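Remarks on the overall topology
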Amino acid sequence: SALKNPRHRNASTRLQPRDPGPCIQPHNQAMLRVLDQKPRSPIFKGTKTQWVKESCLAQELWRLSATELATIILNKKASVREVVQSHLNRIAAVNNAVNAITVVLDEMALVMADKADQAIAEGVTLGSLHGVPMTVKENIDLKDTATTMGVPELEDAVAPVDAPHIAQLKEAGAIPIGRTNLPDFGLRYHTDNALRGPTKNPWNRERTPGGSSGGDA
């Protein structure tokens, strides 16, 4: 089958990544350098190149690494709400085609984002991942959400507490924005299950997204 043959290619079945338009890639480091050179302001008196990169910030935040996002937030170059909303917008734009995120925790995430911004404004000591979005696989407990394992019988198995490492990530300031897909019980190399269905490889639908963390990958 096509999934068993990684050499199989069919350009017509590929999901094309978003056209970045004026947001030329790669420019993550360049963007950070531009932002470091100016205070955050609604009026930007830089060069045209700098303005293009600055104007792309909101839509490009989802591309940045955890350490880059933490730095931007710490230096007040973007609010936590802006960071979280950028990721939620990206999920809304592409997830229907890939089925990687099984549950979007948008309301909870935005409430947490606003609280995180308030903590910054109040000068509270921040954790190392303050405001950084994260996703949680559906075989790991995240309080008040279902740990389904990809199995229909566990669809309503809502976790009363966080798994220890999730609690540690939240303590460091990370914000859960969604639950992600996996094989049944996380036991296979390809991400598909009876409850959530298959996750598609965003680059080529004829190739597996892998497993067991195909949704996160």
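None of the values given here were measured: they were computed from a predicted structure.

How each quantity is defined
- Residues numbered from 1 in each chain as written.
- Predicted model: local features only at pLDDT ≥ 70, side-chain atom pairs only at ≥ 80, totals over all residues.
- Heavy atoms only, no water.
- Pairing = 2+ DSSP bridges.
- Helix = DSSP H or I, 4+ residues; strand = E, 2+ residues; numbered from the N terminus.
- Axes fitted to C-alpha atoms, helices over the stretch in contact; angles between N-to-C directions.
- Contact = heavy atoms within 4.5 Å.
- Salt bridge = Lys/Arg side-chain N within 4 Å of Asp/Glu carboxyl O.
- Buried < 20%, exposed > 50% of the residue type's maximum accessible area, 1.4 Å probe, protein only.
- Phe/Tyr/Trp six-rings, centres within 6.5 Å; stacked < 30°, edge-to-face > 60°.
- Lys NZ or Arg CZ within 6 Å of the ring centre and 35° of its normal.
- Expected span 1.5 Å × (residues − 1).
- Polar contact = N/O pair within 3.5 Å; in protein donor to acceptor, adjacent residues only side chain to side chain.
- Right-handed = clockwise from strand over helix to strand, strands pointing away.

**Some thoughts on the sheet that holds strand 2 (residues 133–137)**
Pairing in this open sheet of 3 strands is mixed, and the strands run 1-3-2 from one edge to the other. The outermost strands of the open sheet, each flanked by one partner alone, are strand 1 (101–104) and strand 2. The sheet shows a mean angle of 40° between the axes of neighbouring strands, direction not considered. Relative to strand 3 (residues 175–180), strand 1 runs antiparallel, the two sharing 3 bridges. Paired with Ile101 across the strands is Thr180, a residue of strand 3. Where helix 5 (residues 80–98) meets the sheet, its contacts fall on strand 1, strand 2 and strand 3, and the angle it forms with strand 3 comes to roughly 15°.

**Considering the pattern of salt bridges**
Note that side chains of opposite charge can pair when their charged atoms are close. On inspection of all chains with the given rule, the structure shows 5 salt bridges. A salt bridge links Lys170 to Asp162; its shortest N-O distance comes to 2.9 Å. Owing to a relative accessible area of 26%, Lys170 belongs among the partly exposed residues under this scheme.

**Observations concerning the packing of aromatic side chains**
Tallying each qualifying case throughout the model produces 0 aromatic pairs. We note Arg90 situated over the ring of Trp62; from NZ or CZ to the ring centre the distance is 4.1 Å.

**Re helix 5**
Spanning 19 residues, helix 5 covers 26 Å between terminal C-alpha atoms, matching the ideal 27 Å at 1.5 Å per step. Of all the residues in helix 5, the buried ones are Val80, Val83, Val84, Ser86, His87, Leu88, Arg90, Ile91, Asn95 and Val98. Following helix 5 by one or two positions, Asn99 has its phi on the positive side, about 55°.

**What to know about the environment of Asn193**
Considering the arrangement of structural elements, one finds Asn193 in the segment after strand 3. Judged by its relative accessible area of 6%, Asn193 is buried. On a C-alpha basis, the gap between Asn193 and Leu182 in space is 7.2 Å, while along the polypeptide they are 11 residues apart. Looking at Asn193, its side chain comes within polar contact range of the side chain of Asn181, at 2.8 Å. Polar contacts involving the side chain of Asn193 include one to the main-chain carbonyl oxygen of Leu182, which spans 2.6 Å.

**Things to note about helix 6 (residues 106–121)**
An α-helix turns once per 3.6 residues; consequently, residues spaced three or four apart project the same way. With 16 residues, helix 6 extends 22 Å between its outermost C-alpha atoms, agreeing within 8% with the 22 Å of an ideal straight helix rising 1.5 Å per residue. Residues Ala109, Leu110, Ala113, Ala116, Ala119 and Ile120 constitute the buried set of helix 6. Those residues of helix 6 hidden inside the fold are in contact with helix 4 (66–74), helix 5 and strand 3. After helix 6 finishes, the residue Gly123 shows a positive phi value of roughly 75°.

**Re the pairing of strand 3**
Burial of strand 3 is extensive: 6 of the 6 residues sit out of reach of the surface. By the bridge criterion, 5 bridges tie strand 2 to strand 3 in an arrangement that is parallel. For Lys137, the partnering residue across the bridge sits in strand 3 and is Thr180. Assessed by its sense of winding, the connection that carries the chain from strand 2 through helix 7 (residues 164–171) to strand 3 is right-handed.

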